[in-house]
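Fold and contact review
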Amino acid sequence: MPDVVLRTTGADSPDVEVDMSTTLGSLDVPDPVFTASGCAAAGLELAPFNDLTAIGGVVTKSIQLAARSGRPTPRMAETPSGMLNSIGLQGPGIDVFLDRDRPWLEEQGVRAVVSIAGGSVDEFAKLAGKLRGQPVALIEVNISCPNVEDRGQVFACDPNAAAAVIQAVRRTAPSQVPVFAKLSPDVTDIVSIARACVGAGADGLSLINTTLGMVIDPETMRPTLAGVTGGLSGPAIRPLALRCVWQVHAALPDTPLMGIGGIRSGTDALEFILAGASAVQVGTVIFNDPSAPTRISHELRAALAARGIARLRDVIGLAHRPPQLRVPETPDPPGDEPVIPDTAVVDRSGHVVTFEDAP
Amino acid sequence: MPAVQVRGEVLSVKQTGAYLAMTLVASGIAEQTRPGQFVALAVSGDDGSMLLRRAFSIHQVASRGVYGGTIEFIFSVSGKGTAWLAGRHPHDPVDVVGPLGRPFALPKDPANCVLVGGGYGAAPLFMLADALRKRGCRVDFVLGAANADRLFGALDAKRMAATVAFTTDDGSYGEEGRVSDVLPGVIDRVRADVVYACGPMAMLEAVYAVSAEAYGGAGIPTQVAVEESMACGIGVCMTCVLPVIGDDGQTRMVRSCVEGPVFAGDRIRWDALGTVPADTVGAIAAGATTAAR
Ligand SMILES: Cc1cc2nc3c(=O)[nH]c(=O)nc-3n(C[C@H](O)[C@H](O)[C@H](O)COP(=O)(O)OP(=O)(O)OC[C@H]3O[C@@H](n4cnc5c(N)ncnc54)[C@H](O)[C@@H]3O)c2cc1C
Ligand SMILES: Cc1cc2nc3c(=O)[nH]c(=O)nc-3n(C[C@H](O)[C@H](O)[C@H](O)COP(=O)(O)O)c2cc1C
Ligand code: FES
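Just so you know, these numbers come straight off a predicted model, no measurement behind them.

Cut-offs used in this document
Residues numbered from 1 in each chain as written. Chains lettered and ligands numbered in written order. Predicted model: local features only at pLDDT ≥ 70, side-chain atom pairs only at ≥ 80, totals over all residues. Helix = DSSP H or I, 4+ residues; strand = E, 2+ residues; numbered from the N terminus. Buried ≥ 20, exposed ≤ 12 C-beta atoms within 10 Å, placed from the backbone. Contact = placed C-beta atoms within 7 Å. Pairing = 2+ DSSP bridges. Axes fitted to C-alpha atoms, helices over the stretch in contact; angles between N-to-C directions. Domains from an automatic or database assignment. Core = buried A, V, L, I, M, F, W, Y, C linked by C-beta atoms within 7 Å. Near = placed C-beta within 6 Å. Parallel < 35°, antiparallel > 145°, perpendicular 65-115°, else oblique. Left-handed = near helix turned anticlockwise from the far one by under 90°. Nonpolar A, V, L, I, M, F, W, Y, C, P; charged D, E, K, R; others polar. pLDDT = per-residue confidence, 0-100.

Our focus in this paragraph is the overall build of chain A. Of the regular secondary structure elements, chain A holds 8 helices and 20 strands. Looking at chain A residue by residue over its 359 residues, the buried ones come to 55%. Excluding contacts between residues fewer than 6 apart, the proportion of contacts in chain A whose partners are at least 24 apart in sequence is 70%.

This is the structure in structure tokens:
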């Protein structure tokens, strides 16, 4: 490996070995940190800065059926602890991806999450069909796309349209590969969209995509972005993203979630895990720190170790436990010592609560 | 060797005319750097609110000596990130990624080379001049800026080049006018074979136009280093694109951080900068919805 410089990695607690593995539908991965779509291209450019086989995997830039040139520049604006982008899904199309990028990912042994984006239900279905027989770890469906058959209405903002896409993708996608729907936060009730996607066969959900914003240049007195509005991302949206994960996990505790939005450190990632995410994705922060996926994975491991947590799985959704659950401060009364597993918490009335499965 | 990310340390920040020269101790970058490449710096610290990297052309490198590898770049304060950099002191840490981008292509055989720099755009041309002279090339400089204070590297240029022509917009140094006003004369006088340029986009466009018309319209090749807004510098964000004609004659929106910043002048769609020309591969037909995120 070339130089990988990790910033401020917390001191590993040497006595706790942490099992970082997690499960996303039928996919088991040894590490919960992924790169986010559109922030890692197809992995190649990040390889000098990360061992991409050691993290959960790479989520590709959203791939479309045909080549797309994207939008004019300026395509970005920096905002406080974030940025706006209006790239417009530039990419070479799925055939070039399968010829050129996918073989590289396979040779390197990188788990590839393929993000797909279409303008109609049929396009999504065709894209999923093209992934049959391909070594794909997971399919992420970017439904924050305008539906050309419905006046550009974004699929992710309408439960029926979102469900139609997921159902079509689930039908044509390779059956052993989990399908995750990636949701937009720009909706009044994210839980209803989440339910619609899961009802249509989504094996899990990725939360969240960017939220729409804009900047006006006070010099030109015009919008800064050529596309006028753009997607806001970065730590600025982290509390919004965390709230979405929390709400969806509360409503659908058995659905695996990937938490995304402004994750910059291991403890940021831990917040998402505690809110109910089984894994996390790192996006905009990669632009600031190309080795962030590796660093965040190390920091998360250290954060778990420092808390005496031996398995990441044990804390997925843990923040949802009722507030009265605490390890009693007074010593146990004498008598037969109850056998309490490592991962257990004892509530005030003396009941042992374990978190083998997310509560 | 690919680019590296290192925790650099500020060695010095010095005023030079209207600019600042920052030298960083950053091992692993100096040894690899070729003329025209750049570094991308993180600003505002590990928890800072400015997330995007700032790109700067590498002016000089020293790969040996007391400090191991050092790199120097020249910058002007143009916004919050460069203001933060200007406030760094010796020993402060700065996270650096580099060297990045495609360097200037060098002629195989000795050739007469004119190097055109605008403002701080002159910074990468001195490493280039060195490399060209080592190959037996003749080097002539044309340096321009808004005023005398913003001319960078006049002394070095005089020391290294056969001749130097200076222009300033206000006439405070050299000839009053633009580099493109004097360039045709320089090309003819030195019998130039190739023009290299770095500076603002409008200057590059004018330099390309002059070079393409040189020798009564025969034209000579140009290598220009462009400056597009960048967020990552390493090729993952797709913000730094411009329309460029490929080997197959097709226009594509190309990332200037990995396929540039140096391009052959005749490959850039100068008339279409800031747009996606209709004949670009994958261009969306006018009027179609394009709101995908
Ligand atoms: C290849 C390359 C080489 C460069 N070399 C030099 C150099 O040698 N000396 C120098 O002074 N400047 C150079 N620049 C420009 C320099 O990157 C910008 O001046 C700087 O990023 C502005 O940062 P800021 O925080 O002060 O401005 P802000 O306007 O606050 O920056 C906001 C965001 O926009 C981007 N941005 C703004 N202006 C530019 C610009 N002109 N070019 C690229 N990105 C921009 C920044 O990277 C940042 O992400 C170079 C740019 C590129 C692309
Ligand atoms: C430049 C850029 C491009 C993006 N492109 C895509 C994309 O193609 N598909 C997608 O589903 N999300 C895309 N996203 C959204 C991210 O994957 C992520 O959901 C969002 O940025 C929030 O995470 P972050 O704050 O960690 O960046 C993009 C984000 C950025 C900043
Ligand atoms: S600056 Fe990010 S792709 Fe070029």
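Here we take up the sheet that holds strand β10 (residues 164-168) of chain B. Residues and elements named next belong to chain B. The mixed open sheet is built from 7 strands, whose spatial order is β11-β10-β9-β8-β12-β13-β16. Of all strands in the sheet, those bounded by a partner on one side alone are β11 (175-176) and β16 (262-264). In the sheet, strand β13 (residues 222-225) pairs with β16 via 3 bridges, with the strands oriented antiparallel. Bridge pairing in β16 links glutamine 223 to alanine 264. Packed on one face of the sheet, helix α5 (residues 201-212) meets β8 (112-118), β12 (194-198) and β13 and runs near 180° to β13.

Below, the discussion takes up the domain arrangement of chain B. Domain annotation for chain B reports domain 1 (4-100), domain 2 (112-225) and domain 3 (241-289). Taking the mean C-alpha position of each, domain 1 of chain B and domain 3 of chain B sit 30 Å from one another.

So, on to the nonpolar core. Judged by nonpolar contacts, the single largest core of 205 residues is most densely connected at Ile139, Ala162 and Cys197 of chain A together with Val39 and Val207 of chain B. Of the residues forming this core, the biggest block, 8 residues, is contributed by helix α3 (residues 159-172) of chain A. When residues no more than four places from it in sequence are discounted, the contact partners of isoleucine 139 of chain A are Val114, Ile116, Ala128, Leu131, Val169, Ala173, Val177 and Val179 of chain A.

The next subject is the pairing of strand β3 (residues 38-41) of chain B. Residue and element names in this part refer to chain B. Taking every second residue as pointing to the same face, both faces of β3 are buried, with Phe38 and Ala40 on one and Val39 and Leu41 on the other. Judged from the 4 bridges that link them, β3 and strand β4 (residues 54-57) form a sheet pairing that is antiparallel. Paired with leucine 41 across the strands is arginine 54, a residue of β4. Two strands pair when backbone bridges link them, and β3 and strand β7 (residues 93-100) are joined in this way by 3 bridges, in the antiparallel orientation. Across the sheet, phenylalanine 38 pairs through a bridge with leucine 100, a residue of β7.

A few words on the site of ligand 2. Contacts to ligand 2 come from 27 residues, most closely from Gly38, Ser62, Ser233, Gly283 and Thr284 of chain A. Close to ligand 2, residues of chains A and B are found.

Quick look at the packing of helix α4 (residues 190-199) of chain A against helix α5 (residues 238-251) of chain A now. Residue and element names in this part refer to chain A. Across the interface, α4 lies against α5 with an axial gap of 9 Å and an inter-helix angle of 55°. Classed by the angle they form, the pair α4 and α5 counts as oblique. Crossing geometry of α4 relative to α5 is assigned as right-handed. Of α5, the residues touching α4 (which contributes Ile190, Val191, Ala194 and Arg195) are Cys244, Gln247, Val248 and Ala251. Looking at the contact of α4 with α5 residue by residue, the classes come out as 6 nonpolar, 1 polar and 1 charged.

With an omega of -10°, the peptide bond running from glycine 98 of chain B to proline 99 of chain B counts as cis. For proline 99 of chain B, the position within the fold is in strand β7. Glycine 260 of chain B connects to proline 261 of chain B through a cis peptide bond whose omega is 5°. For proline 261 of chain B, the position within the fold is in the loop between β15 (251-255) and β16. We note that valine 228 of chain A has phi near 65°; this positive angle belongs to a residue other than glycine. As for its placement among the helices and strands, valine 228 of chain A is situated in the loop between β15 (222-223) and β16 (230-233). Its 12 C-beta neighbours within 10 Å are what place valine 228 of chain A among the exposed residues.

Glancing now at the environment of glycine 274 of chain B. Among the structural elements, glycine 274 of chain B can be located in the segment after β16. The spatial distance from the C-alpha of glycine 274 of chain B to the C-alpha of leucine 132 of chain B is 33 Å, given a sequence separation of 142 residues. The residues touching glycine 274 of chain B, leaving out its near neighbours within four places in the chain, are Pro72 and Thr73 of chain A.

Turning to helix α2 (residues 125-134) of chain B, a few remarks are in order. Residues and elements named next belong to chain B. Those residues of α2 that sit buried are Leu125, Phe126, Met127, Leu128, Ala129 and Leu132. If you follow the buried residues of α2, they end up packed against β5 (60-62), β8, β9 (138-145), α3 (154-160) and β12. Count one or two residues on from α2 and you reach glycine 136, which has phi positive near 80°.

Neighbouring ligand 1 are 24 residues; Leu52, Phe75, Gly79, Gly81 and Thr82 of chain B lie closest to it. Around ligand 1 the close residues trace back to chains A and B. When contributions to the shell around ligand 1 are tallied by element, the ones reaching two or more residues are β4, β6 (70-75) and α1 (80-86) of chain B. Looking at the shell around ligand 1 element by element, the count peaks at 4 residues for β4 of chain B.

Now for the confidence of the model for chain B. All names here are of chain B. In the predicted model, chain B carries a mean pLDDT of 94, and the fraction of residues at 70 or more is 96%. Across residues 286-293 the pLDDT falls below 50, and counting only partners more than four positions away or on other chains, this stretch makes 17 contacts in the model. Scored as a complex, the prediction yields pTM 0.92 and ipTM 0.94.

The subject of this paragraph is the interface of chain B and chain A. Size of an interface: often given as the accessible area lost when the parts come together. Facing the 39 residues of chain B at the interface are 51 residues of chain A. With 4 residues, the single largest contributor to the side of chain B that touches chain A is strand β1 (residues 4-16) of chain B. Taken together, the residues of the side of chain B that touches chain A sort by class into 22 nonpolar, 12 polar and 5 charged.

Moving on: the sheet that holds strand β11 (residues 179-183) of chain A. All names here are of chain A. Spatially, β3-β4-β7-β8-β11-β12-β17-β18 is the arrangement adopted by the 8 strands of the closed barrel, whose pairing is parallel. Each strand of the sheet is rotated relative to its neighbour by a mean of 25°, with strand direction disregarded. Looking at chain direction, strand β3 (residues 33-35) and strand β18 (residues 279-282) are connected through 3 bridges and run parallel. Residue phenylalanine 34 lies in a different strand from β18, and its bridge partner there is glutamine 281.

Mapped onto the fold, arginine 7 of chain B is located in strand β1. Measuring from C-alpha to C-alpha, the distance between arginine 7 of chain B and alanine 105 of chain B comes to 29 Å, with 98 residues separating the pair along the chain.

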